Every structure is written in C-alpha cells, then in structure tokens.
Amino acid sequence: SPYPPLAPNKVRVYSMRFCPYAQRARMILKYYNVPHEIVNINLKDKPAWFLQKNASGTVPVLEHNERIITESVICCEYLDERYGQNKLLTRESYTRAKQKMMIEKFNKARKGSINYTICKSISVEDFRDLKQQFEEVLQPFEESLQNKFFGGDEPYFLDFLIWPWFERFPALE
Ligand SMILES: N[C@@H](CCC(=O)N[C@@H](CS)C(=O)NCC(=O)O)C(=O)O
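Residues numbered from 1 in each chain as written. Predicted model: local features only at pLDDT ≥ 70, side-chain atom pairs only at ≥ 80, totals over all residues. Heavy atoms only, no water.

## With respect to the nonpolar core
Heads up, the rule is: Within this scheme, the nonpolar core is defined by two criteria: the residues are buried Ala, Val, Leu, Ile, Met, Phe, Trp, Tyr or Cys, and they are joined through side-chain atoms within 4.5 Å. Note on classification: 1.4 Å probe, protein chains only; a residue is buried when its accessible area is under 20% of the maximum for its type, exposed when over 50%, partly exposed between these limits. Here a helix means four or more residues in a row that DSSP labels H or I, a strand means two or more in a row labelled E, and each is numbered from the N terminus. Contact criterion: two residues are considered in contact whenever any of their non-hydrogen atoms come within 4.5 Å of each other.
Ile28, Leu62, Ile114, Phe141, Phe157, Leu158 and Leu161 are the most contacted members of the largest nonpolar core, which has 33 residues in total. Only strand S1 (11–15), helix H1 (20–31), helix H3 (72–84), helix H4 (93–107), helix H5 (114–121), helix H6 (127–144) and helix H7 (157–172) provide two or more residues apiece to this core. The biggest single contributor to this core is H7, with 7 residues. Dropping the residues within four chain positions of it, Leu161 is found in contact with Arg24, Ile28, Val73, Cys76 and Ile103. The next biggest cluster of nonpolar side chains, apart from the first, holds 9 residues, and it includes Ala22, Val39, Ile41 and Val59.

## A few points about H6
Here is the rule we go by: To estimate the expected span of a helix, subtract one from its residue number and multiply by 1.5 Å. The term bend refers to the angle at a residue between two fitted axes, each drawn through seven residues, those ending there and those starting there.
Given a rise of 1.5 Å per residue, 18 residues ought to cover 26 Å, and the 26 Å separating the end C-alpha atoms of H6 matches this to within 8%. Of all the bends in H6, the largest measures some 45 degrees and sits at Leu138, one to four residues before the proline Pro140. Leu130, Gln133, Phe134, Val137 and Phe141 are the residues of H6 that are buried. In this structure, the buried residues of H6 make contact with H4, H5 and H7.

## A few points about the site of the ligand
The condition that has to hold: Note on definitions. A residue lies near a molecule or strand when any single heavy atom of the residue is within 4 Å of it. Polar contacts here mean pairs of N or O atoms no more than 3.5 Å apart (in protein, one a potential hydrogen donor and the other a potential acceptor; neighbouring residues in sequence count only if both atoms are side-chain atoms). To be clear on the numbers: accessible area is Shrake-Rupley with a 1.4 Å probe, and residue cover counts the displayed protein chains and nothing else.
Close to the ligand lie Cys19, Pro20, Tyr21, Leu43, Lys46, Gly57, Thr58, Val59, Pro60, Glu71 and Ser72, which account for all nearby residues. Contact distances for the ligand include 2.4 Å between an oxygen atom and a side-chain N or O atom of Lys46. Between the ligand and Val59 there is a distance of 2.9 Å, counted from an oxygen atom to a backbone nitrogen or oxygen. If the ligand stood free it would expose 510 Å²; the protein chains cover 69% of that surface.

## Here's the deal with the packing of H6 against H7
We count it as follows: Working convention: axes come from line fits to C-alpha atoms, limited for helices to the stretch in contact. Angles between N-to-C directions cover 0 to 180 degrees. Between 65 and 115 degrees an angle is taken as roughly perpendicular, under 35 as roughly parallel, over 145 as roughly antiparallel, and anywhere else as oblique. The handedness criterion is simple: a crossing whose near helix is rotated anticlockwise from the far helix by less than a right angle is left-handed, and one whose near helix is rotated clockwise is right-handed. Note that Gly is not counted as nonpolar here; it falls among the polar residues with everything else outside the nonpolar set of Ala, Val, Leu, Ile, Met, Phe, Trp, Tyr, Cys and Pro and the charged set of Asp, Glu, Lys and Arg.
Running from N to C, H6 and H7 point in directions that differ by 155 degrees, and their axes come no closer than 14 Å. Considering their axes alone, H6 and H7 lie roughly antiparallel with respect to each other. Between H6 and H7 lies a crossing of left-handed hand. For the pair H6 and H7, the contacting residues are Phe134, Leu138 and Phe141 in the first and Leu158, Ile162, Phe166, Phe169 and Leu172 in the second. A per-class count over the contact of H6 with H7 returns 8 nonpolar, no polar and no charged.

## Describing the domain arrangement of the protein
Convention followed: Segmentation of the chain into domains, including their bounds, is taken from an automatic or database domain assignment. Values labelled buried area give the accessible surface lost by two parts on being combined, using a 1.4 Å probe and summing over both. By definition, a salt bridge exists where a carboxyl oxygen of Asp or Glu is found within 4 Å of a side-chain nitrogen of Lys or Arg.
If you check the domain split of the protein, you get domain 1 (11–84) and domain 2 (93–166). One C-alpha centre belongs to domain 1, the other to domain 2; they are set 22 Å apart. Interface of domain 1 and domain 2: buried area, both sides summed, is about 1200 Å²; carbon and sulfur atoms make up 67% of it. Between domain 1 and domain 2 we count 2 salt bridges in total. For the salt bridge of Arg96 with Glu77, the shortest nitrogen-to-oxygen distance reads 3.5 Å.

## A word on the pattern of salt bridges
Counted according to the given criterion, the structure contains 6 salt bridges. It is possible to trace a salt-bridge network through shared partners that takes in Glu77, Arg96 and Lys100.

## A closer look at the packing of H5 against H7
The contact between H5 and H7 brings their axes to 12 Å, and the two run at 25 degrees. Comparing the axis directions of H5 and H7 gives the class roughly parallel. The handedness of the crossing between H5 and H7 comes out as left-handed. Counted together, Ile114, Asn115, Ile118 and Ser121 of H5 and Trp165, Phe169 and Leu172 of H7 form the full contact between these two elements. Of the residues assigned to the contact of H5 with H7, the class counts are 5 nonpolar, 2 polar and no charged.

Quick look at the structure:
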C-alpha cells in the first residue's frame, strides 16, 4: 500500500492491533491526549516504505515532524518527556533508574523474564512448572508494588509499560 501522507505536527504511530509493544505507545499517547493517528502495518507483508523508516521492521514506530523513533520503551520515554515533562518516568534519578531496571527485567528475552515465560507457555507441556516460574518472575514486581500502582495512587511509567502483558494473562489460562 502507498505511504499515507503525514499531517504536520501530528504524531503518527505505526502499530499492529494486537502488538503489546505498540499498545505501550498508544496508551501513553492517550494518557497525554496527544493528537495522533494510528497506521496499522501488516507485519507479514510490510510495505517497502515502512522498512525504509525502520529497517528492523518492528512496531511501534513514531513519526513526528519527519523524525522517526523506534523501540517501544524509547517511544514512550520520548512521549513522556515531550508531553508530560517526565511525569511518568520522573526526574528523580533513583526512581527513574528503578523503573528502568524493572522494565529491563520484564523485557529480557532470557530465562527469568516475564516475556520469556509467556513465550514459553505457548508450547509448554507441564503447566504446574510454568505456574511456579510465573510466581518466581513476578515476585520482584509483587514486592515493589506498595499500592494500587507502582507509582502509588497514580500510574507510573512502569505501570503503563507492563500493562499490555497483564491484560493478556487471562488468555494464558
Ligand atoms: N523491542 C521491540 C519489540 C517490538 C516487536 O517485537 N513487535 C512485533 C509485533 S508484537 C513486531 O513488530 N514484529 C514484526 C517483526 O519482528 O518482523 C520494541 O520494544 O518495540
């Protein structure tokens, strides 16, 4: 399909409806009421112009005033900085670092991360073992959750960034 022309000053997010990474960026855009448009990409048949913008071919990608931002965490950080003056990630350096450490724990494609455990669960045969693994990888999250959100009464950056996976947990059952 041809490249849809970009409106000036509007943020565009290249997305895919079921992608949890793209959902991260869409949630932050909504939270800050940023005027934006969503262009869904067929990830099984990516248009050449999309690959020119992001050679890795993944969504989300933000396009803003002819600038390209890739990788969901970086997209969300950009939006928080630009539209929320770092409200979600905060300016306090240790809180910032802690949130990023938790996101790393979550993202890693290695054993011991949530993402790894979810991916593994699709083909697993022994579900009892899997349940225990989930409990183990979720433990640090459980321990640092003191209130309704990681940010207390209000959601933090971390709350938004991990939510798409939690929303999908009932499907695992
Ligand atoms: N590290 C990337 C991962 C994004 C990702 O894997 N997105 C998937 C869809 S859920 C994708 O674009 N897959 C297409 C492909 O890898 O070709 C991010 O955080 O943005």
